[in-house]
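# Results of the structural survey
So you can see what is in the structure, the chains are spelled out below.
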Amino acid sequence: MKRIFGLLFCATLFLTNVNPNFVKANEEPLEKPREEYTLEEAEKAFLTYLNEKQLNYEMGSPEYSEYVMKLNYEEETNTELAEDPSYGIIAAYISEYTYAYETNLGMYEDSNTEESQTPEVLEAQKEEFLNALEVQKEKTIGDIEAEIEVEEEKQEGIPELEFSTYSTYSVSKAKAYAKKWYNSRNSYQYQSQNNDCTNFVSQILFAGGKSKKKPSPVPASTSNTKYWYSYMNDSGKVPTFKKSTSWINVSDFYAFWSKTQSTKSSTSKKTLISYADVGDVIQFKKDEATRYSHSMFVYEKSNGTLYLSGHTSNYLKRNFKKIDTRWVKYRVIKF
């Protein structure tokens, strides 16, 4: 009898000391399936979360955008947000906000060219960004994910024979560049990004011999997946930069290269370790996110795992098997 009472007492003590966020997550589940929520409803849930954390950012402000993209790109689990009952829809909103921002306003804010930094141009691009986000906010998360899947399949089926894989690719040169710059930024040639992962991977591929593809004339920035380039003009007092979204954005990088390169997606690390080789690129997708949000370069394959180089957080040989479990899906782009 004493044994039973002791067990009941321990159970009661445990339940009264459970993390309150965990209790909240289980006591207040979503009212309908995640896929049925609109992105506008997801935005309201995120704003409620910010209010609870006393983060009084105005939607669309620089501080708000910086915080959203920090959540999107951080490599370790944000436990506090992950335990929120609305995490499933908030993660989708973070993905879509980041993509709309980076492929519109973000390109112009970062270019540092005279024609892209005028107040008129920046205001016009902010309006484009907000309009793009408004279009997505009218859709359900399920519809958005279905559209992304169709678009990726369509991109993979578009041949680019004039550009395919004729450029020579030296894995040893790509590795040499990764080793030289993994712990710093090559500001002599490129503009560093706050979220620098795909920018660095593009630099590695170019150092390995992959050819840039650019329009003529080269505009200040190009938000599409037909080109792949980054250029610096240092003839003026301040260096200026021109680049395509496919050079710096995770989704657009994939959309460009999947036209000519073999790809494979999986939730199994073991499957992709078997498939990938040194010189390839791996992209990562977080739990409940609508889009992939991280890119890394395969630097070494040994001991039954892959060792990856990358930026945002700096790594030369990060063990793929030890990647945070919040990342739930991966895809390899073969080079």
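Every value quoted in this text rests on a predicted model; they were computed, and no experiment measured them. Each residue is numbered by its place in its chain's sequence as written, counting from 1. At least 70 in pLDDT is required for a residue's local features to be given in this predicted model, at least 80 for side-chain atom pairs to be given and counted, and no such filter applies to totals for whole chains, interfaces and linings, which use all residues. The side-chain quantities take in all heavy atoms of the structure and omit both hydrogens and water.

### Observations regarding the overall build of the protein chain
On a plain count of helices and strands, the protein chain comes out with 14 helices and nine strands. Buried means the residue's accessible area, taken with a 1.4 Å probe over protein chains only, is under 20% of the maximum for its type, while exposed means over 50%, and partly exposed covers the values in between. Burial statistics for the protein chain: of 335 residues in total, 48% are counted as buried. Counting only contacts in the protein chain whose residues sit at least 6 apart along the sequence, the fraction spanning at least 24 positions is 69%. Counting every atom, the protein chain has about 16,800 Å² of accessible surface; 51% of that belongs to carbon and sulfur. Every helix listed is a DSSP run of H or I at least four residues long, and every strand listed is a run of E at least two residues long, numbered separately from the N terminus. Contact definition: two residues touch when any of their heavy atoms are within 4.5 Å. The Shrake-Rupley method, run with a 1.4 Å probe sphere, supplies the accessible areas, and residue values consider only the shown protein chains as cover.

### Focus on the pattern of salt bridges
Basic side-chain nitrogens of Lys or Arg form a salt bridge, by our definition, when they fall within 4 Å of a carboxyl oxygen of Asp or Glu. If you walk through the whole model with that rule in mind, you get 17 salt bridges. Between E35 and R34 there is a salt bridge, with the nearest N and O atoms lying 3.6 Å from each other. A salt bridge links D196 to R185; the shortest N-O distance between them is 3.4 Å. Of this pair, D196 sits in the loop between α10 (171-181) and α11 (197-207) while R185 is found in the loop between α10 and α11, placing the two residues 11 residues apart along the sequence.

### A word on unusual backbone geometry
The linkage connecting S216 with the following residue, P217, adopts the cis geometry, with an omega of -5°. Among the secondary structure elements, P217 is positioned in the loop between α11 and β1 (221-222). Positive phi outside glycine occurs at E288, with the angle close to 75°. You can call E288 partly exposed: its relative accessible area is 29%. If you check the backbone angles, T312 has positive phi at about 75° while not being a glycine. If you trace the backbone, T312 turns up in the loop between β7 (305-310) and β8 (315-319).

### Considerations on the packing of helix α3 (residues 39-52) against helix α6 (residues 87-102)
The packing of two helices is summarised by the inter-axis angle and the distance between the axes. One can describe the packing of α3 onto α6 by two numbers: an axis separation of 8 Å at closest approach and a directional angle of 105°. Looking at the two axes, α3 sits roughly perpendicular to α6. Contacts between α3 and α6 involve L39, E41, A42, E43, A45, F46 and Y49 from the former and I89, I90, A92, Y93 and E96 from the latter. Asp, Glu, Lys and Arg are counted as charged, while Ala, Val, Leu, Ile, Met, Phe, Trp, Tyr, Cys and Pro are counted as nonpolar; the rest, among them Gly, fall into the polar class. Residues of the contact of α3 with α6, tallied by class, amount to nine nonpolar, no polar and three charged. Note on geometry: axes are lines fitted to C-alpha atoms, helical ones only across the stretch in contact, with angles between N-to-C directions running from 0 to 180 degrees. Here is the rule for angles: anything less than 35 degrees is roughly parallel, anything more than 145 is roughly antiparallel, 65 through 115 is roughly perpendicular, and the remaining ranges are oblique.

### Here we look at α3
Expected helix span is given by 1.5 Å per residue-to-residue step, counting one fewer step than there are residues. With 14 residues, α3 extends 20 Å between its outermost C-alpha atoms, agreeing within 8% with the 20 Å of an ideal straight helix rising 1.5 Å per residue. All of the buried residues in α3 are L39, A42, E43, A45, F46, Y49 and L50. One face of α3 carries all of its buried residues, which in axial projection span an arc of 160°. Counted as exposed and oriented over 90 degrees from the buried face of α3: K44 and N51. Downstream of α3 by one or two residues, Q54 has phi in the positive range, about 60°. The arc in question is traced by the directions running from the helix axis to the C-beta atoms.

### A closer look at the sheet that holds β8
Two strands are counted as paired when DSSP detects at least two bridges linking them. Strand order in this open sheet of six strands is β4-β9-β5-β6-β7-β8, and the pairing throughout is antiparallel. Lying at the two open borders of the sheet, with one neighbouring strand each, are β4 (263-266) and β8. Taking each pair of neighbouring strands and ignoring which way they run, the sheet shows an average axis angle of 35°. Its contacts with the sheet place α10 against β6 (294-302), β7 and β8, and it is angled at close to 115° to β6. Where α11 meets the sheet, its contacts fall on β5 (281-286), β6 and β7, and the angle it forms with β6 comes to roughly 50°.

### Re the packing of aromatic side chains
Pairs of aromatic rings are described using the distance from one ring centre to the other and the angle between the two planes. Pairing of aromatic side chains requires ring centres within 6.5 Å, counting the rings of Phe and Tyr and the six-membered ring of Trp. Pairs whose planes differ by under 30 degrees are stacked, by over 60 edge-to-face, and all others tilted. Inspection of every chain in the model, using the stated rule, returns 26 aromatic pairs. Aromatic pair Y177 and F200: ring centres 6.3 Å apart, planes at 35°, arrangement tilted. Of this pair, Y177 sits in helix α10 while F200 sits in helix α11, placing them 23 residues apart in sequence. For Y177, a relative accessible area of 11% puts it in the buried group.

### Concerning the confidence of the model for the protein chain
The quantity known as pLDDT measures the predictor's confidence residue by residue, on a range of 0 to 100. For the protein chain, mean pLDDT is 84; residues scoring 70 or higher make up 81% of the total. Low pLDDT, under 50, characterises residues 1-27; the stretch is placed with 10 contacts to residues that sit more than four places away or in other chains. Predicted confidence is poor over residues 161-165, with pLDDT under 50, and the contacts of this stretch with residues over four places away or in other chains come to 12 contacts.

### A look at the environment of R291
Here R291 lies in the loop between β5 and β6. As for R291 and E96, which are separated by 195 residues in sequence, their C-alpha atoms are 7.6 Å apart. In contact with R291, other than residues within four places in its own chain, are S95, E96, Y99, Q136, I148, S251 and K285. Among the polar contacts made by the side chain of R291, one reaches the side chain of E96 at a distance of 2.9 Å. Pairing of N or O atoms within 3.5 Å defines a polar contact, subject to two protein rules: one partner must be a possible hydrogen donor and the other a possible acceptor, and residues neighboring in sequence count only if both atoms are side-chain atoms.

### Quick word on helix α13 (residues 250-257)
Every α-helix winds through 3.6 residues per turn, so residues three or four apart in the chain are directed the same way. Among the eight residues that make up α13, eight are buried, leaving the element largely enclosed by the rest of the structure. Restricting attention to buried positions, one finds in α13 the residues V250, S251, D252, F253, Y254, A255, F256 and W257. One side-chain oxygen at the N-terminal end of α13 lies 3.1 Å from the backbone nitrogen of S251; it belongs to N249.

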